[in-house]
Each structure stands twice: as C-alpha cells, then as structure tokens.
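# Residue-level structure breakdown
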Amino acid sequence: MRWLLLKDLQILWRSKLLLGLLIVYPIAIATLMGLALSSGPEKPRVAYLNQVPDNRSTIRLGSEKIDIKKYTDELFTAIERVPAQSRDDAVAKVRSGAVLAALIIPADFTQKLSNSGFSAASIEVIYNGDALKQSFVRSTISSKLALADAALSKQVNRLASGYVDVLLKGGELDVLGTQFKILGLEKSKRAIDEVMAASPSRATSRRLGPVQEFAELAVANAGRAKDVLNTIERPVEVEETTLSGRRTPLDAFAVAVAVTISLMFVCVLLASGLLALEREENTFSRLARGLVPGGHLIAEKIILSAACAFAVSLVMLIGISLFVPLDWGRAGLWVLALGAGALAFAALGVAIGSLAREVRAASLLAFLLSLPLAFLALVPSGGVSPLLYDVIRVISAVFPFKPALAALDAAVNGSSPGLGQSLAHLAVLIAVFGVAARAGLRRFA
Amino acid sequence: MTNAQSPALDAPVLVVERVGKRFGDREAVRDVSFEVARGELLAIIGPNGAGKTTLLSILAGIRQPDSGTVAQRGPNSEKRIGWVPQQTAVYSKLTVAQNLRLFARLEKVDDLDATVERMLEQTALKERADDELGSLSGGNRQRVNIAVGLLADPPVLLLDEPSGALDPRQRQRLWNFITALTERGTSVIFATHDIAEAERHADRVLVLADGELLFGGTPRELHSTSGAGEHEDMEQAFVAFLQTKGH
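Bear in mind that the values here come from a model prediction, so they are computed numbers and not experimental data.

Each helix and strand counted, chain A has 16 helices and eight strands in total. Every one of the 445 residues in chain A was classed for burial, and the buried ones make up 31%. In chain A, 77% of the contacts between residues at least 6 apart in sequence involve partners at least 24 apart.

As structure tokens, then:
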C-alpha cells in the first residue's frame, strides 16, 4: 500500500494547480471567514430627509424644550446619512440602488408629538426590494429607533416625575409660560391636620374629615404614579429563553460549518478523483491481478484523501482562531473530530469514485451529491413541515456531513449532542461507505 | 469442447481447459481449451464481441472463469503472467522511470534498479526516462505499456490489440520487439482483429466467434480449411471460414 501512497503523492505533487489550491484554499477561506466574523457590519447607506422646519424642531414639555434633532442623531450612529432634497429625491435614490433605504421625518412630526403624544407621530422608512438587504437595514433602523424612542421616553418620564413631585411636595409649576405656586398634597394634609387639631368640633370634623382622608390617601399613593411612569421607559420587557440543545453562538457555529464544508469538499473530491483515476488510466486492470487487493486500494485512497483534507481543515481552523476566539484547551478534540469527519468523507468519496469512469465525472458527481446534502443538513427544525424535516433528518443521517458538523461543533464549542455520539455515527458511515466502495470496484474490471 | 493443440508442443507453459464465462444471459466464453508452448507466438483472432478480451482477462487473472481452469506449467510457472491491456495502463502524470519503478515494486522484482534499467534499454526509452508519460507519443506510451507487462520477466505475455493505435513504422518496431521476446523464450498471446497481422507474425492462430473456439492451427492451415482460393488473401479466407461455421 505504501508504494501506492507514494505514487499518489507523486501524482499530486505533479498536479501543480491542485496542489496550489490545496494550499491557498484553507488560507484564503480562513482569512475571509475570520475577517467576516470579527468585523462588524458596515453602515448601510440611507437617504435622509428631515421635513421639520428649523423653527419647529423642538417640542415643549412643560417648562422644558426638547430638540428632536438630538434624538434623530441617535439613528445615524449606525447609518451612513445621504441627504435627500425631497421625498421624490429620496425615492429615486432608493430605486437607483444608491442607498438601501430612505428615512423621512414629516414636517408635522414635532407638532404631533407635542399635541397628541407618541402614538400620533410617525416617521417614514422606504426600503428597496432586496430581501436580504431590506432585512439588514430594517433591523438596523428598528434597533436605533427603539434606542431613540427610549431616550425620548426617559426625558418625558423625568419631566412627568417632576410634576408628580410638585403635586406631592409643592413648588413652582410652569403652565404655558405662566408660573404657578403649588402648595402640594403633603402640606395640604398637614394644614388640615392642624385645623382639625385646633378646632375639634363635630361640624368641623364632619366637613373636613373626608378632605383629610383624601389627602392622606393621595400622599400615600401619589408616589406610585412614578412607578407607572417608569413603565413608559421600557414599555415591553423582553424575556430571553435559551432552548435546550444548541448553545453555540452564531459566529462559533459558522466556524464549524465553514471548516466542515471545506473538509467535505477537499476530502470527497480528492478521494473520488484518486479512485476514478485508476479507472481512467486503465491501471486498475493491472492492479487487480493480485498486485494490490481491492480493500488495500480503497484503504489507501481513504487514508491519503483524509490526511490531506485533515491537514487543510486544521490549518483553516488555526487560521480562523486568529480572528475568532477558540478554546485551545479543546484542540485534542478538534483533531479527533476532524480526523473522524475526514475518514467518513473520504469513504463517501471512494464510494462515489467507484461509480465513475473518469476523474471529471467523479468530481462532478461528488460535487452534485455533496452540496445539496450540506444544505439539507443545515435546514433548521421548524423551517419546514415536521414530515419533511423527518425525511431530511433521515437523509442527513445517512451521509457524513451532519454528524461531522455535529462532531466538530461539539469539539470546538462543546455543543450537544456530545462528541462520542457523533464519532460513533461517523464510524458506522466509514464502514458502510468503505464496503460500498469495495463492492463498486467489481464494476471496474 | 474444442481443443487446439500446438503442433510442436512437448512441454506447454500454459494449459487452458474448458474455460467458460457468462455475463448474465450472455455466454462470453464457451468451453475453450488450448495450450501454449514456450516461445510460441499465438494470435487470437475473431470479429468484434467474439470474447477475445474476456478470454485474455481470464488468462491474466483479472476475471475469474465460471468454469474450467488456467494452469501454468514449466520451470517459471510460479511467476505471474504478464499483461498488456489494449489501452495504455500506466500513470500519465508520472515519468517513464517512475511508472516502471512503481510496477516493479508492486511485482516485487528482485533487483529493482537493474530491472528498470533493463526495461528502459529494451524499449529504447532510456533518454526519455524522466519524461512525463503524458508527453510521449502513442507509440512510446505503448512501449512503456508493454515494458510494464514484462517487468517481472513473465514466461507468458498477454497483449490485447497491441498495435491498434500505432502507425506502420511504430507497428514494425513493436513486432520486432515482440519477436525478440519470443526468441528469448517468452510465450506471447495476442488478441487482434487485424487478420493480416496475425498471418504475418503468429506461429499459430485461434479463431474465436461468439465465445466459441472454432479453429486452432497455423495461418496456412486456416487458409486451407476455409475453402478460399489461392488468390484470396488471409482476410477473405477468414471471412469465408466464419461463414462456413455459420457466423
């Protein structure tokens, strides 16, 4: 077997393009993956039109003036502002693709805020038709609007709380520019208590008694108004629930997916190609005359392809770890998962190679089979009907991508199911595809 | 059963007895028996689909027969039969020397370097030893193909359509090479549908049609058996012979 290994290494060494790809591929993918996962998203370009006249850009709440520009500026910490001259200009910019969306603040925005409250005021956002970009812009704008909304609500809350304090403890109150002196509920109650103590007649008690009780209740409960106002600041409380099963952050899972896909392609293409080459070069007829037993030939192709793909994917994983923090304490488990996954993919590769007469046909077959299987394995539960998902689960279980991904995810991120279960699954698939490839060799002669 | 004995066969090096092979309902080789003498050059001729390649692949050990036996006899009977398939069966990405060295290792030859050197000399490819096989002409590739079949110095060499892809000059060189082999004692069995080539080079011909061995003898005997006239060439005699046998 070692002479066949040497021969295949010589052939790989002479295939400069393939060799170059094997070296450049993991470096390029690792760098791209790392940059993509470690850098934040770019600011989406959004056309902005503020139709509110400059002299009406503030709203007045009691004695306080709030400049609405201060809050719209919050939006532009995450958005690149592209000024628009008019609504038509904003729409044209969206249509032409110059911007991803347009944000329009209507002229009566501050007026409606002042007169009718938040529910009456609105802003307009125009998106383009690209679903992915629209989703990105929508989520960016929504989050920033929520922040701006919360900041404004906090300001209103602070003013309203001040009014409640004045009503409770007394002080000065500004109503449309006119100052009023307010006694306050606490002082009112004290005044009534003093009158009741100084003139304890039945007639006084009967007439002032209800007022005294009201003042007592009002003092006791006015403080609760602040609690009610506080709910405006965060109108909806979000409860986060972590479901059992996957706990992997998206970027760490993306690392596992990228490395598994690379492992799959290098392994399956190499293994299928190397075996099909024996048929394409007609050399199988020589080897089959007792020079090399069929089982040894299959084992040699699996070992060589798995070793090459293992090295490529390990380099890729190490490269990505420069950008995304990975737990090096689990490196031993990475090796185990990558090794088992590589052997399973290589076994699938030789099974495919045993069906093809030429390297090109084997590569095409390997590509056509591998890619949809990888996509199927990534379909989330709930994304399709339960029956279809069950079918997808069965198909994914018959091929190595899903267990290899699960093994690598478990090795890199410690996710469930555990590494042992995935390794056992892969071991079964290595045996099944190895036997299938051996049976397929009979067609070679 | 048809038995084709070599006329001057005292000690055969290969004995084929009642070999049969089926592929599903089709009988590719039917009850074929013959013997081959040391240094004999034997041609297996027949129309397309006659079973020539199947018979050779059974003799080479690539396929197992459903019935019958193939036995080597003589002093070097432990050595594997040499096999040269119809299409070149070598690695085009390796050099001539790398190909010879690889197959010599797989054949477990005793003196690797000397064997490779000898084959390079015999095939006159010493100067092209470090050339990638894919860069050689069809004729030179076929010489390497034959050299690989001879690496283990086999007592019997099988060639399937050896000159099919060669021009006349390359073909002549090839036959000179094969004739030299038989003079050194190697028995050569080759399959061909080029009747003139079989007549020119073979000591004996076997006629195979629909898996059945119809004739075994010298080319001259085939001509006379066919009933063809003196003025008719071997190809016409061969066609006439097949017609008389109902093929």
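Right, let's get into the overall build of chain B. Broken down by element type, chain B carries eight helices and 10 strands. For chain B, restricting intrachain contacts to residue pairs at least 6 apart in sequence, the fraction spanning at least 24 positions comes to 70%.

What follows is about the packing of helix α2 (residues 96-106) of chain B against helix α3 (residues 112-122) of chain B. Residues and elements named next belong to chain B. Relative orientation of the contacting elements α2 and α3 amounts to 130°, with a least axis distance of 10 Å. Between α2 and α3, the interaxial angle falls into the category oblique. Relative to α3, α2 is oriented so that their crossing is right-handed. When α2 is examined against α3, the residues A97, L100, R101, A104 and R105 are found in contact with a partner set consisting of L112, T115, V116 and M119. For the contact of α2 with α3, the residue count by class is six nonpolar, one polar and two charged.

Okay, the nonpolar core next. If you look at the biggest cluster of nonpolar residues, it comprises 145 residues, and the most contacted ones within it are C267(A), A309(A), F345(A), A347(A), A407(A) and L158(B). The element best represented in this core is helix α9 (residues 250-280) of chain A, accounting for 17 residues. Not counting chain neighbours up to four residues away, the residues in contact with L158(B) comprise L56(B), L59(B), A60(B), I81(B), G82(B), W83(B), V84(B) and I189(B). Of all hydrophobic cores here, the second largest spans 15 residues; its members include A47(A), A90(A), L100(A) and A101(A).

Here the focus is helix α16 (residues 419-441) of chain A. Relative to the 33 Å expected for 23 residues at 1.5 Å per residue, α16(A) spans 33 Å between its end C-alpha atoms, a close match to the ideal helical length. Listing the buried residues of α16(A) in full gives L419(A), S422(A), L423(A), H425(A), L426(A), L429(A), I430(A), F433(A), G434(A), A437(A), G440(A) and L441(A).

The next subject is helix α1 (residues 52-60) of chain B. α1(B) sits mainly inside the fold: eight of its nine residues count as buried. G61(B) sits one or two residues past α1(B) and shows a positive phi near 90°.

Our focus in this paragraph is the interface of chain A and chain B. As a measure of interface size, the accessible area lost when the parts come together is often cited. Contacts between the two partners involve 17 residues from chain A and, on the opposite side, 21 residues from chain B. The set of elements that each furnish at least two residues to the side of chain A that touches chain B consists of α1 (2-14) and α10 (284-291) of chain A. It is α10(A) that provides the largest number of residues to the side of chain A that touches chain B, a total of six residues. A class-by-class count of the residues in the side of chain A that touches chain B yields six nonpolar, six polar and five charged.

On to the packing of α1(A) against helix α11 (residues 294-321) of chain A. Residues and elements named next belong to chain A. Interhelical geometry of α1 versus α11 gives an angle of 45° and a closest axis separation of 10 Å. Classed by the angle they form, the pair α1 and α11 counts as oblique. Once α1 is placed against α11, the crossing between them reads as right-handed. Residues L4, L5 and D8 of α1 form the contact with α11, whose participating residues are L297, E300 and L304. Of the residues contributing to the contact of α1 with α11, the split by class is four nonpolar, no polar and two charged.

A few words now on the environment of D8(A). All names here are of chain A. Within the element layout of this structure, D8 appears in helix α1. Residue classification places D8 among the buried positions, given that 22 C-beta atoms sit within 10 Å. Sequence separation of D8 and E300 is 292 residues, and the distance between their C-alpha atoms is 9.3 Å.

Moving on, we get to the environment of S57(A). Residues and elements named next belong to chain A. Within the element layout of this structure, S57 appears in the loop between β1 (45-50) and β2 (58-61). The exposure class assigned to S57 is partly exposed, which follows from the 18 C-beta atoms found within 10 Å. Sequence-wise, S57 and D108 are 51 residues apart; in three dimensions their C-alpha atoms are separated by 9.8 Å.

For chain A, per-residue confidence averages 77 on the pLDDT scale, and 74% of positions sit at 70 or higher. Predicted confidence for residues 233-248 of chain A stays below pLDDT 50, and this span has 13 contacts to residues more than four positions away or in other chains.

Bringing the sheet that holds β1(A) into the picture now. Residues and elements named next belong to chain A. The strand order across the open sheet formed by four strands is β4-β1-β5-β6, and the pairing between neighbours is mixed. Of all strands in the sheet, those with a lone pairing partner are β4 (80-83) and β6 (124-127), marking the two edges. This sheet shows a mean twist of 30° between the axes of neighbouring strands, independent of strand direction. Of the strand pairs in this sheet, β1 and β4 are connected by four bridges, and their pairing is parallel. Looking at the pairing, A47 lines up with V82 of β4. Across the sheet, helix α4 (residues 87-96) is in contact with β1, β4, β5 (101-105) and β6; its angle to β5 comes to roughly 165°.

Let's shift gears to the confidence of the model for chain B. All names here are of chain B. When pLDDT is averaged along chain B, the result is 86; 96% of the residues meet or exceed 70. Predicted confidence in chain B is weakest over strand β1 (residues 2-4), with a mean pLDDT of 47, and strongest over strand β4 (residues 41-45), with 93. Predicted confidence is poor over residues 5-9, with pLDDT under 50, and the contacts of this stretch with residues over four places away or in other chains come to 10 contacts. The complex prediction reports pTM at 0.64, with the ipTM value standing at 0.76.

All names here are of chain B. The phi dihedral of D31 falls on the positive side, at around 55°, and the residue is not glycine. For D31, the location among the structural elements is in strand β3 (residues 26-37). A tally of 17 C-beta atoms within 10 Å means that D31 is categorised as partly exposed. Positive phi, close to 50°, is recorded for D153, a residue that is not glycine. Relative to the elements of secondary structure, D153 occurs in the loop between α4 (138-150) and β7 (156-160).

So, about the pairing of β5(A). Residues and elements named next belong to chain A. Burial within β5 is extensive, with five of its five residues counted as buried. Residues of β5 alternate between two faces, with A101, L103 and I105 on one and A102 and I104 on the opposite face, all of them buried. In terms of strand pairing, β5 meets β6 through four bridges, oriented antiparallel. The residue of β6 that forms the bridge with I104 is E124.

Once that is clear, we can look at the environment of G139(B). Residue and element names in this part refer to chain B. Tracing the backbone shows G139 in helix α4. On a C-alpha basis, the gap between G139 and R169 in space is 9.4 Å, while along the polypeptide they are 30 residues apart. Leaving out residues up to four positions away in the same chain, G139 has contacts with L166 and Q170.

Thresholds applied
Numbers given to residues run from 1 along each chain, matching the order in which its sequence is written. The naming scheme follows written order: chains are lettered A onward, ligands numbered 1 onward. Confidence filtering applies because this is a predicted model: local features only for residues at pLDDT of at least 70, side-chain atom pairs given and counted only at 80 or more, and all residues used for totals across whole chains, interfaces and linings. Note on conventions: DSSP H or I runs of at least 4 residues are helices, E runs of at least 2 residues are strands, and numbering of each starts at the N terminus. The burial label depends on the number of other C-beta atoms within 10 Å of a residue's C-beta. Counts of 20 or more mean buried, 12 or fewer mean exposed, and intermediate counts mean partly exposed, with C-beta atoms placed from the backbone. Each residue gets a C-beta atom placed from its backbone, and two residues are in contact if those atoms lie within 7 Å. Every angle, taken between N-to-C directions, lies between 0 and 180 degrees, and every axis is a line fitted to C-alpha atoms, over only the stretch in contact when it is a helix. These descriptions rest on fixed angle ranges, namely under 35 degrees for roughly parallel, over 145 for roughly antiparallel, 65 to 115 for roughly perpendicular, and the rest for oblique. For any pair of crossing helices, the crossing counts as left-handed if the nearer helix is rotated counterclockwise from the farther one by less than a right angle, and right-handed if it is rotated clockwise. Each residue is assigned to one class: nonpolar for Ala, Val, Leu, Ile, Met, Phe, Trp, Tyr, Cys and Pro, charged for Asp, Glu, Lys and Arg, and polar for all the others, Gly among them. Under the definition applied here, buried Ala, Val, Leu, Ile, Met, Phe, Trp, Tyr and Cys residues are grouped into a nonpolar core through C-beta atoms within 7 Å. Helix span, expected: 1.5 Å multiplied by one less than the number of residues in the helix. A residue's pLDDT is simply how confident the predictor is in it, with values from 0 to 100. Strand pairing is assigned whenever DSSP detects at least two bridges linking the two strands.

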